[in-house]
Amino acid sequence: MRMLKIGLRGDEVAALQTRLKNLGYYPGAIDGIFGPQTELAVIRFQRDRGLTPDGIVGPHTYNALGIDSESGLYTVQAGDTLYTISLKLNISLPALRAANPGIDPDNLRVGQRLNIPKAGTTAIVSTNTDYTYDMMVEDIQDLQRRYPFLEVGVAGQSVLGRNLYYLKLGNGPNQVFFNGAHHSLEWITTVLLMKFTENFLQAYANGTAIRGYNPREIWNMSSIYIIPMINPDGIDLVLKGLQRNNPFYQQLISWNNGSSDFSRNWQANIRGVDLNHNYNASWQLSKQAELAYGITGPRPTRYSGPYPESEPESRAVADFTRAHDFQLVIAFHSQGEVIYWDYLGMAAPQAWEIANQLSKVSGYALDQTTGIASYAGYKDWFIEQYRRPGFTVEVGHGTNPLPISQFPKIYNDNEGLLLLASVITAQ
Ligand SMILES: [Zn+2]
C-alpha cells in the first residue's frame, strides 16, 4: 500500500475510511476521496495513539490501524483468536466471520491474512482506546438505538453532576449487580462491563449462544443490573486532565501534593474521597488505619471521607443496592487477577463455593484482603448488610492505569465469569 494523504483517491482510501469509521473516527461517506474530513480523522487517530499527528498514513499509522500496509488485510499474530481480533479491531465477531467465510476460527495460523469487514458492521463499544465518560454516554445511546430492549436508567449523579447510568439486561427474578470503576485509574473495568453488555445484547438479539449459555434463558432467569462507571469525575480527571473550570481546581492541586498531573495516581472522586473506603462497613477502623498512614484529608487515594456515604457516588450505589434485592454483587477493580470473597469472616455460606467456580472459569486466584484495604469497601458493606455473596474482582495485571492493550485478555478472562455470576444464584 502506498502512503496516503490529502488529495489522493482510490480503493486504498476507501479501505482507510472504512477502518477509521469502524474505529469511530470517521463519520463521513466511504467515497475513496482523501479530503479534509478524512485527514482530520487520521490526525485524531494519530493523536490518540501517540503518533505524529501529520494526517499522512505511513507504515506506523498502518500498523496502528491493524492494516498490513502491503495487502490492506489484517495479519494474524501469535496468541490471536478470532474473538481477540474482533476486540482489537473493534469489529463485531459475526461481521468478522462473515467477511472471512473460508477460515477455520479454531485454527488460525500466524501470518494468515484476514479481510477487514466494511463499515456499518462495526461494534459499538470501543475496546481499543482510553474510555471517557462522554464515550460511555454515546455508546449507551447507540446500544439503545440498536437494541431497544436494553433498559437504561440513572442511579444518581456525581459531585460534578454527571449521570451514574445503570443498564439492565433481562427480566428474571434472580437479581444480580455488577459495577465498575469506583477508582479513577481503573476505567478499563467500565470497558469490560460495556463490552459484556453489547455482546450479551447481540447474542440475545441473534438467538446465538454465548460461551455455551443461552442468553434468552438467562434473560428469563435473571435481571442483570450494571453500573459501568461509578466515578466519572475522577475518570475524566485522569484521562483529560484538570480543566480550568473545575470548581475544585486549586484544591485538587493541593490535594495532589502540588502536582497538576493526575494521570498516574488519582483514584479518588473529585473531592479527594476514595469511594471504595466510603461505605458503612467498619468505617471507623478504616479511619484509624488511615491515620496510621498519615492520611487526614482529601488526597489521591485511601481517604475515606468525613462520614460513611458522604459522597453522592457511593451514596447512590448504596441506595441502588437498598432499592433492589440483589442475590449476588461484583465490584470490578484493577489489578491483580484475583477475587476477594470474604469480609471479616461474614461471607455467606455459599460464597466460598461460588468464589471457587468464578476462580475456575476466569483463572483468577482467590484471596482475602488485609490491612487498610479490608474495610469500608462496597463488597464489605454488601456482605455485612445482606450476608449474601459479594465479590471484588481485580482484573488484569500490572500497574494502574492498565493499558487498553490488555483488554482482549481481560475480556476473555471475565466474560465466562460474568455469565456464571448472572445465573449461579438462580440455580
Ligand atoms: Zn480499585
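Residues numbered from 1 in each chain as written. Predicted model: local features only at pLDDT ≥ 70, side-chain atom pairs only at ≥ 80, totals over all residues.

### Description of the overall build of the chain
Logical step 1: A count of helical and extended segments in the chain gives 15 helices and 10 strands.
Logical step 2: Scaling as 2.2 N^0.38, a compact globule of 427 residues should have a C-alpha radius of gyration of about 22 Å, and the chain matches this with 22 Å.
Logical step 3: When burial is assessed residue by residue, the chain has 46% of its 427 residues classed as buried.
Logical step 4: Partitioning the intrachain contacts of the chain with sequence separation of at least 6 by distance along the chain shows that 75% fall at a separation of at least 24. (Helix = DSSP H or I, 4+ residues; strand = E, 2+ residues; numbered from the N terminus. Rg over C-alpha atoms; globule rule 2.2 N^0.38 Å. Buried ≥ 20, exposed ≤ 12 C-beta atoms within 10 Å, placed from the backbone. Contact = placed C-beta atoms within 7 Å.)

### Details of the domain arrangement of the chain
Logical step 1: Segmentation of the chain into domains returns domain 1 (11-114) and domain 2 (133-233 + 311-426).
Logical step 2: Taken residue by residue, the interface counts 4 residues in domain 1 and 5 residues in domain 2.
Logical step 3: Partitioned by chemical class, the residues of the side of domain 1 that touches domain 2 number 1 nonpolar, 2 polar and 1 charged. (Domains from an automatic or database assignment. Nonpolar A, V, L, I, M, F, W, Y, C, P; charged D, E, K, R; others polar.)

### Focus: the nonpolar core
Logical step 1: One finds Phe178, Leu192 and Ile339 to be the most contacted residues of the largest nonpolar core, which totals 96 residues.
Logical step 2: Here this core takes 10 residues from helix α7 (residues 188-206), the largest share from any one element.
Logical step 3: Residue-level mapping places this core at the junction of two domains, with at least three residues from each of domain 1 (11-114) and domain 2 (133-233 + 311-426).
Logical step 4: In contact with phenylalanine 178, not counting residues within four places along its chain, are Leu193, Ile224, Ile226, Ile330, Phe332 and Leu418. (Core = buried A, V, L, I, M, F, W, Y, C linked by C-beta atoms within 7 Å.)

### What to know about the environment of proline 173
Logical step 1: Here proline 173 shows up in the loop between β4 (163-169) and β5 (174-180).
Logical step 2: A C-alpha to C-alpha distance of 28 Å links proline 173 and proline 312, two positions 139 residues apart in sequence.

### Remarks on helix α4 (residues 82-89)
Logical step 1: For α4, the set of buried residues is Ile85, Ser86, Leu87 and Leu89.
Logical step 2: Tucked inside the fold, the buried residues of α4 contact α1 (11-22), β1 (74-75), α5 (93-99), β2 (113-114) and α15 (407-423).
Logical step 3: Of the residues one or two after α4, asparagine 90 is the one with positive phi, at around 55 degrees.

### What to know about the pairing of strand β6 (residues 222-227)
Regular strands show a simple pattern: their side chains alternate between the two faces of the sheet.
Logical step 1: Counting buried residues along β6, 6 of its 6 residues qualify, which places the element largely inside the surrounding structure.
Logical step 2: Across the two faces of β6 the burial is the same, with Ser222, Ile224 and Ile226 and Ser223, Tyr225 and Ile227 all buried.
Logical step 3: Bridging between β4 and β6 involves 3 bridges; their strand directions are antiparallel. Within β6, the position partnered with leucine 167 by the bridge is isoleucine 226.
Logical step 4: Taken together, the 6 bridges between β5 and β6 define a ladder with parallel strand orientation. By the bridge assignment, glutamine 175 is partnered in β6 with serine 223. (Pairing = 2+ DSSP bridges.)

### A closer look at the environment of glycine 28
Logical step 1: On the secondary structure map, glycine 28 appears in the loop between α1 and α2 (36-48).
Logical step 2: Note on glycine 28: 15 C-beta atoms within 10 Å, which makes it partly exposed.
Logical step 3: As for glycine 28 and isoleucine 210, which are separated by 182 residues in sequence, their C-alpha atoms are 33 Å apart.

### Side note on unusual backbone geometry
Logical step 1: Residue serine 334 is joined to glutamine 335 through a cis peptide bond whose omega torsion reads 10 degrees.
Logical step 2: Considering the arrangement of structural elements, one finds glutamine 335 in the loop between β7 (328-334) and β8 (338-340).
Logical step 3: That bond from asparagine 400 to proline 401 is cis: its omega, -5 degrees, falls within 30 degrees of zero.
Logical step 4: Secondary-structure assignment places proline 401 in the loop between β10 (390-395) and α15.
Logical step 5: Its identity as a non-glycine residue notwithstanding, asparagine 257 has a phi of 55 degrees, on the positive side.
Logical step 6: With phi around 45 degrees, serine 282 is a residue other than glycine that occupies positive phi space.
Logical step 7: Within the secondary structure, serine 282 sits in the loop between α10 (249-255) and α11 (283-292).

### Observations regarding the packing of α7 against α15
Logical step 1: One way to put it is that α7 packs onto α15 with a least axis distance of 10 Å and a crossing angle of 55 degrees. Comparing their axes, α15 and α7 come out oblique. Seen from above, α7 lies across α15 with right-handed handedness. Every residue of α15 that contacts α7 at Ile188, Val191, Leu192, Lys195 and Phe196 is listed here: Phe407, Ile410, Tyr411, Asn414, Glu415 and Leu418.
Logical step 2: Here the residues of the contact of α7 with α15 are counted per class, giving 8 nonpolar, 1 polar and 2 charged. (Axes fitted to C-alpha atoms, helices over the stretch in contact; angles between N-to-C directions. Parallel < 35°, antiparallel > 145°, perpendicular 65-115°, else oblique. Left-handed = near helix turned anticlockwise from the far one by under 90°.)

### Let's talk about the sheet that holds strand β9 (residues 365-367)
Logical step 1: Across the sheet, which stays open at both edges, the 8 strands sit in the order β3-β4-β6-β5-β7-β10-β8-β9 with mixed pairing between neighbours. Looking at which strands have only one partner, the edges of the open sheet turn out to be β3 (151-157) and β9. Between one strand axis and the next, the sheet turns by 25 degrees as a mean value, whatever way the strands run.
Logical step 2: Two strands pair when backbone bridges link them, and β8 and β10 are joined in this way by 3 bridges, in the antiparallel orientation. Across the sheet, the residue bridging to valine 338 is glutamate 394, located in β10.
Logical step 3: Along the sheet, α7 contacts β4, β5, β6, β7 and β10; its crossing angle with β7, the most-contacted strand, is approximately 130 degrees.
Logical step 4: Helix α14 (residues 378-386) contacts β7, β8 and β10 of the sheet and is inclined by roughly 165 degrees relative to β10.

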